[in-house]
Amino acid sequence: MRCLEREDTFPKTLTRYGLYLFAFSIPVSFVPAEFAIGIAFIGWLLEGILNRRWQHYQTRLYVPLLFYIAWNILASSISPRPLHSLLALADNEWPMFIMLLMLSTINDTKVLKRMLHLWLFTASIAAAYGIWQTFTGIQFHRSGVMSPMGNYFRATGFNGFYLTYAGFMMSVFLVGLCISFHSGLNHRWKYRLVALMSFMAVLGTFARSIWLSFAVAIPVFGFMKGKRLGSIVTTGFLIIVLFCLIFIPAIRERTFSIVIPSENQTRINLWKTTIKISMDHPLTGIGEDNFDYYFDKYKVDGYYDASEHPHNDYLNVLVNSGIPGLLAFLSMWTIIIWIGFKTAQDSKNPFLRELATGSTLAIIGFLVGGIFQNYYGTFANCWGWWFMAGCTMTSYRISQKEYDVRS
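Note that this is a predicted model, so its numbers are computed, not measured. (Residues numbered from 1 in each chain as written. Predicted model: local features only at pLDDT ≥ 70, side-chain atom pairs only at ≥ 80, totals over all residues. Heavy atoms only, no water.)

**Observations regarding the overall build of the protein chain**
The secondary structure content of the protein chain amounts to 16 helices and two strands. Here the protein chain has a C-alpha radius of gyration of 21 Å; the compact-globule value for 407 residues is 22 Å, and the two agree. Its C-alpha atoms give the protein chain principal-axis dimensions of roughly 65 × 55 × 45 Å. Counting the 407 residues in the protein chain, one finds 55% classified as buried. For the protein chain, the proportion of contacts with a sequence separation of at least 24, taken over those separated by at least 6, is 74%. (Helix = DSSP H or I, 4+ residues; strand = E, 2+ residues; numbered from the N terminus. Rg over C-alpha atoms; globule rule 2.2 N^0.38 Å. Buried < 20%, exposed > 50% of the residue type's maximum accessible area, 1.4 Å probe, protein only. Contact = heavy atoms within 4.5 Å.)

**A look at the environment of Ser180**
Relative to the assigned elements, Ser180 resides in the loop between helix H7 (162-179) and helix H8 (188-205). With twelve residues separating them in the primary sequence, Ser180 and Arg192 have C-alpha atoms 5.8 Å apart. One polar contact links the side chain of Ser180 to the main-chain carbonyl oxygen of Leu177, over a distance of 2.5 Å. (Polar contact = N/O pair within 3.5 Å; in protein donor to acceptor, adjacent residues only side chain to side chain.)

**Details of helix H11 (residues 249-256)**
For H11, the complete set of buried residues consists of Ala250, Ile251 and Arg254. What you see down the axis of H11 is that its buried residues fit within an arc of 95 degrees, all on one side. (Arc of directions from axis to C-beta.)

**Overview of the confidence of the model for the protein chain**
Chain-level statistics for the protein chain give a pLDDT mean of 94 and a share of 97% at 70 or above. For the protein chain, helix H16 (residues 379-406) is the element with the lowest average pLDDT, namely 88, and helix H3 (residues 62-77) is the one with the highest, namely 98. (pLDDT = per-residue confidence, 0-100.)

**Side note on the packing of helix H6 (residues 109-136) against H7**
Viewed as axis vectors pointing N to C, H6 and H7 meet at an angle of 125 degrees, and their least axial separation amounts to 10 Å. As judged from the angle between their axes, H6 and H7 are oblique. When you trace H6 past H7, the crossing you get is left-handed. Packed against H6, whose contacting residues are Leu116, Trp119, Leu120, Ala123, Ala126, Ala127 and Gly130, the element H7 presents Tyr165, Phe168, Met169, Ser171, Val172, Val175 and Ile179 at the interface. Residues that form the contact of H6 with H7 fall into these classes: twelve nonpolar, two polar and no charged. (Axes fitted to C-alpha atoms, helices over the stretch in contact; angles between N-to-C directions. Parallel < 35°, antiparallel > 145°, perpendicular 65-115°, else oblique. Left-handed = near helix turned anticlockwise from the far one by under 90°. Nonpolar A, V, L, I, M, F, W, Y, C, P; charged D, E, K, R; others polar.)

**Describing unusual backbone geometry**
In the Ramachandran plot, Arg52 falls in the positive-phi region, its phi being about 60 degrees despite a non-glycine side chain. Residue position: Arg52 is located in the loop between helix H2 (30-51) and H3.

**Some words on helix H15 (residues 350-369)**
In this model H15 runs 28 Å from its N-terminal to its C-terminal C-alpha over 20 residues, within 8% of the 28 Å that 1.5 Å per residue would give. The buried count for H15 comes to 18 of 20 residues, which makes it a mostly enclosed element. Capping the start of H15 is the job of one residue whose side-chain oxygen sits 3.0 Å from the backbone nitrogen of Phe351: Asn349. (Expected span 1.5 Å × (residues − 1).)

**Considerations on the packing of aromatic side chains**
For the coordinates displayed, the defined rule picks out 39 aromatic pairs. For the ring pair Trp132 and Phe140, a centre distance of 5.6 Å and an interplane angle of 25 degrees mean the geometry is stacked. The exposure class assigned to Phe140 is exposed, which follows from its relative accessible area of 60%. On the numbers, 6.4 Å between centres and 65 degrees between planes, the contact of Phe329 with Trp333 is edge-to-face. Note that Phe329 and Trp333 are positioned in helix H14 (residues 313-346) at a spacing of four residues, about one turn of the helix. (Phe/Tyr/Trp six-rings, centres within 6.5 Å; stacked < 30°, edge-to-face > 60°.)

**Here we look at the pattern of salt bridges**
Taken as a whole and assessed by the stated rule, the structure comprises five salt bridges. In this structure, Arg53 engages Glu47 in a salt bridge whose closest nitrogen and oxygen atoms are separated by 3.0 Å. A salt bridge links Arg81 to Asp292, with the nearest nitrogen and oxygen atoms 2.8 Å apart. Of this pair, Arg81 sits in the loop between H3 and helix H4 (82-93) while Asp292 sits in helix H13 (residues 291-298), placing them 211 residues apart in sequence. On the basis of relative accessibility, which here comes to 44%, the residue Asp292 falls in the partly exposed class. (Salt bridge = Lys/Arg side-chain N within 4 Å of Asp/Glu carboxyl O.)

**Overview of the nonpolar core**
In this structure, Phe22, Ile98, Met115, Trp119, Trp333, Tyr376 and Trp386 are the most contacted members of the largest nonpolar core, which totals 108 residues. The contact partners of Trp386, leaving out residues within four places of it in the chain, are Leu65, Pro95, Met96, Ile98, Met99, Met332, Trp333, Ile336 and Tyr376. (Core = buried A, V, L, I, M, F, W, Y, C linked by side-chain atoms within 4.5 Å.)

**Quick word on the packing of H3 against H14**
Two elements in contact, H3 and H14, have axes separated by 8 Å at closest approach and are oriented at 170 degrees. Looking at the two axes, H3 sits roughly antiparallel to H14. Between H3 and H14, the contacting residues are Pro64, Leu65, Phe67, Tyr68, Trp71, Asn72 and Ala75 on the first element and Val317, Asn320, Ser321, Pro324, Gly325, Ala328, Phe329, Ser331, Met332 and Ile335 on the second. The residue makeup of the contact of H3 with H14, split by class, is twelve nonpolar, five polar and no charged.

**Let's talk about the side chain of His182**
By the element assignment, His182 lies in the loop between H7 and H8. Residue His182 is classed as buried on the basis of its relative accessible area of 9%. In this structure His182 touches Arg188, Pro350, Phe351 and Glu354, once residues within four positions along its chain are discounted.

**A look at a nonpolar patch on the surface**
Taken together, the side chains of Phe41, Ile42, Leu45, Ile49, Leu50, Trp54 and Phe97 present a nonpolar region at the surface, about 640 Å² in accessible area. Within the secondary structure, Ile49 is located in helix H2. (Patch = residues over 30% accessible without salt bridge, like charges linked within 9 Å, V, L, I, M, F, W, Y side chains within 5 Å. Areas by Shrake-Rupley, 256 points an atom, 1.4 Å probe, with all protein chains shown as cover.)

Right, here's the structure in full:
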């Protein structure tokens, strides 16, 4: 049996409340969330300096993660715009600190549960706001006209951009849905209500890539609970899809556009251009945020209504850091998903088991959506990826600790 944790200290309390502030604020604004990460980091740092206790947790995930960061630093350093590229790399990758801080400092289910409840509470407000936007086209927190989608409007929540909001609401839906299946939990209807609201909010974004993520994550969720429930969940999901296609023209038109070549010409041309660049820079890529620098030289002929990035997370990593960077990227997310499924299967704590399931499915959702959009390659969306990774890895850590205590 491991020895009991040492008494609480001011730096630990500072870190804990920094994490609480992050969870509470991230559904509404990134500014206080980033400030909260700073508070949590200062608490972690003070605990090490003042009390000589450097909180950390060893995991195999750090091997591909450190290689990924080191290789990207190298790629950016030798790029045509090294300072610009390094600053862009830091800006895009620093959200991983939320995972590192959660994994290093949270070893109590109560702390993780409180953090999650704060997140879901504010997320439910964001979901309700998105639903309001879809039906009214009115937003209270900023000026400007919302994009019409047939008889509805494209929801952006508090984020201001529909893809960021869609990815965020996808994770809320999957986590809320999974925790609602925790049989020993009181008031499970609250989690199901949050899941329902976030599902409706995602529909209102008209984000096709996240809709496709649902098509993968929801059946996987069902079959993880058993063949019978898997069949019921998948059938129910297909019925909802069919209903939307028949009775909601805006959703039908948006869905059919997935398979219409003319609706995806820009994306296809960007993919071809990215592959051309990568063939000339297979080892170290071109460095972070240099796509625009090389675009005119390599672009294939055809129509473009955007050219900022490849509209594909995997191609974006490939063109930025070459084949080694892409392999490291795939490796670290494979490890996180494996750990998530292991926790979902082996944990004796039902809350941690369901949280690991939901956060892992959310990561899978991001990975599916990343085939068609730039989710990881956009700073705002990175927070969602790494917060879900933090939930997965921290659930695993606490589960392992509880197992050791029982042993």
